Every structure is written in structure tokens, then in C-alpha cells.
Amino acid sequence: MKKITSSDNKTFKMCIQLQSRKYRDKLSKYMIEGPNLIEEALKNNVLPEFILVEQGQTWNLEIKQICEKFDEKTRATKTEKIWSLEKNLFEKLSQTQNSQGILGIVEKCFFTEEMFFNHPKSRNGNILVLDRLQDPGNVGTIIRTADAAGYDGIMVLKGTVDIFSPKVVRACTGSLFRMPFLVADSAEHAIQILKKHGKRIVSTGFETDKYYYEADLKKNIALVIGNEGNGICETFKNLSDEVIKIPMSGSIESLNASVAAAILMYEAMRH
């Protein structure tokens, strides 16, 4: 196991850069933290480029076992891919209040249009569209719910929070390694792609008389979840095949985006 003892170390400097979206985009890498996330990555054949372990945690049984699994999977490369960091350096990289003692650096995975729509399908062929959502916790929870509800993939519009940011990655709890993602430059671009592949676009909004349980959400839909404050953009309002809403009682005007998304995604499973 190699050691990092100085903040001048090239690998350490690169990890510091990954705390910024600018460098996550530039380097096409992101950081995962904690035994559970690294275990999930390995289970889903997502191999970190390398693993960083806090000095003093190398004999933690759980961390030791993860390092052994990782070492076994990467042995063919004949390159040492596990680094030990001094505690003060590790804490500069850690994104959690209580350090979990282990980090991994992972290559981003975005699908091409062809890969996204030819990915092994679920029974319903439904996909999710994120229209400029900003809250990392919401986005992470929505991705996790889409995974659990059997959605085929997630289209992310530009203007949405970075799905590889530490808060989103933690909230996903491993779903990031299983769900296909496709980026669309704009709502117009997204609609063009979705129509090309035979998806019926269903958006959420208040300017409609149709409740979600009156709509057919069983298969081949693209369910659009809009920005927390402003909802879906005008393009989706005007060009969706259907706009639906969730009934509200009393003086409540709206639900949290992740709660609304869960209700709508699971309506397909109910059928």
C-alpha cells in the first residue's frame, strides 16, 4: 500500500480538485466515500481507479475486506491502486461530518443516446426526466426511487444540479452505479430525442384538470419532474403529451419534488 504524506502529492491534489464541479466535469471523475458506497460500486462492477484509506483504518475489518476485494479485482493491472493517507490529509478530502475512513475515485459514466435506449429494458420502458432540479438531496432520492421503481434510465437536462456531487452521490446510496444517464442540452433537445424513441411525455404541473391516477403511466412514458421552485419549463408545458397533477388538500400548494416523483413513479408499478 502506497502512502501519501504531503499535500503536494499529485494524487492528493487531483482529489482536492474533484471537490469542485468544474474539475469533476474536466477530469470526468468523482469521489465516493464510505465502505457501503465502495462495496456497492464493486458489486455493480464499477471499479474505482484507486482507493484512499485513512491511516489507522487499514486494520478496520470492514475496510480491510473491501481493500482485499478491490485488490483481487485489479490485480491483473499489476499497479498498486490503494493509497494510505495521513489523518489530517484524509479529513481534507472527506465530505462527511464523521470520516468513514475510506474513499474511492470513480470514472463518470454517461451513456450515448444509442446505449441509453438500447440498455436492457424493464417491463414498462419508462424513463425519468430531471428538468433543472437544484437540491442535491432531492435529486439523489429521486434517482434512488427511480431505481427501486424499475425505471429504465434518467435523462438530465442542463441546469440540473451535478448528479456526481458528494451530496447526490450519498443520497443515491448506490443507485448511481445501476441507472443509465443521458444528458440533454435543452427541453427542445430532450423532446426531440424522446419522440424519436417513441416515448410519451408526461409532465407534472398545476395548469391541468387531470390527476395522475386518471392518466396511463404504465409503459413507455418519459416522466418529467420540474425545478423545485418553478416547476417544469414552458417548453415541456406546451409540448408534453400530457400534464398531470397530484391532488392537494387544505392549504398545501405543493409537495417536495422527491415525494411527488415517488408517488408518480410508483403509480406505474401499481398497474
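None of the values given here were measured: they were computed from a predicted structure.

Novice: Is there a simple way to explain the sheet that holds strand β1 (residues 2-4) in this structure?
Specialist: Hydrogen bonding along the main chain pairs the strands of a sheet, whether they run parallel or antiparallel. Spatially, the five strands line up as an open sheet ordered β1-β4-β3-β5-β2, and their pairing is mixed. Each having just a single partner strand, β1 and β2 (29-33) make up the two edges of the open sheet. Within the sheet, the average angular offset between the axes of one strand and its neighbour, ignoring direction, is 25°. Here β1 runs beside strand β4 (residues 82-85); their pairing, made up of three bridges, is parallel. Within β4, the residue paired with K3 across the bridge is S84. In this fold helix α4 (residues 61-74) packs onto β3 (50-54), β4 and β5 (102-107), with an angle of close to 160° to the strand it touches most, β3.

Novice: Before we go on, may I ask you to explain a nonpolar patch on the surface in this structure?
Specialist: Among the surface-exposed residues, F206, M248, I252, L255 and V259 lie close enough to one another that they form a single nonpolar patch of about 440 Å² accessible area. Topologically, M248 is positioned in the loop between β11 (242-244) and α11 (257-270). M248 gets classed as partly exposed once you look at its relative accessible area, which sits at 31%.

Novice: What is the right way to read the environment of T141 from this model?
Specialist: With respect to the helices and strands, the residue T141 is situated in helix α7 (residues 136-148). Each C-alpha atom, one on T141 and one on E242, is 24 Å from the other, the two residues being 101 residues apart in sequence. Sequence-distant contacts of T141, defined by excluding residues within four places in its chain, comprise A171 and S258. At 2.8 Å, the side chain of T141 forms a polar contact with the backbone oxygen of G137.

Novice: What exactly am I supposed to notice about the environment of A257 here?
Specialist: Checked against the element boundaries, A257 lands in helix α11. When neighbours within four sequence positions are excluded, A257 is seen to be in contact with L133, N138, I142, I225 and E228.

Novice: Explain the pairing of β2 to me, please; I cannot follow it from the model alone.
Specialist: Within a regular strand, side chains alternate between the sheet's two faces. The element β2 is extensively covered by neighbouring structure, given that five of its five residues are classed as buried. In β2, alternate side chains face the same way, and those of K29, M31 and E33 on one face and Y30 and I32 on the other are all buried.

Definitions and limits used
- Along each chain, the written sequence defines residue order, and numbers are assigned to residues from 1.
- For this predicted model, a pLDDT threshold of at least 70 governs which residues receive local features, and a threshold of 80 or more governs which side-chain atom pairs are given and counted, while totals over whole chains, interfaces and linings are taken from all residues.
- Only hydrogens and water are set aside; all other atoms, that is, all heavy atoms of the structure, feed into the side-chain values.
- Think of it this way: DSSP has to see at least two bridges between two strands before they count as a pair.
- Put simply, DSSP marks the helices as runs of H or I at least four residues long and the strands as runs of E at least two long, and each gets a number from the N terminus on.
- Lines are fitted to the C-alpha atoms to define the axes, a helix being fitted only along its stretch in contact, and any angle between axes, read from their N-to-C directions, falls within 0 to 180 degrees.
- Should any heavy atoms of two residues lie within 4.5 Å, those residues are considered in contact.
- To count toward a patch, a residue needs a relative accessible area over 30% and no salt bridge; like charges are then connected within 9 Å, while nonpolar side chains (Val, Leu, Ile, Met, Phe, Trp, Tyr) are connected within 5 Å.
- To be clear on the numbers: accessible area is Shrake-Rupley with a 1.4 Å probe, and residue cover counts the displayed protein chains and nothing else.
- Salt bridge criterion: a side-chain nitrogen from Lys or Arg within 4 Å of a carboxyl oxygen from Asp or Glu.
- Accessibility here uses a 1.4 Å probe with only protein chains present; expressed as a share of the type maximum, an area under 20% marks a residue as buried, one over 50% as exposed, and anything in between as partly exposed.
- Think of a polar contact as two N or O atoms within 3.5 Å of one another; within protein, one of them needs to be a possible hydrogen donor and the other a possible acceptor, and neighboring residues in sequence only count if both atoms come from side chains.

The values are spatial; any link to function lies outside them.
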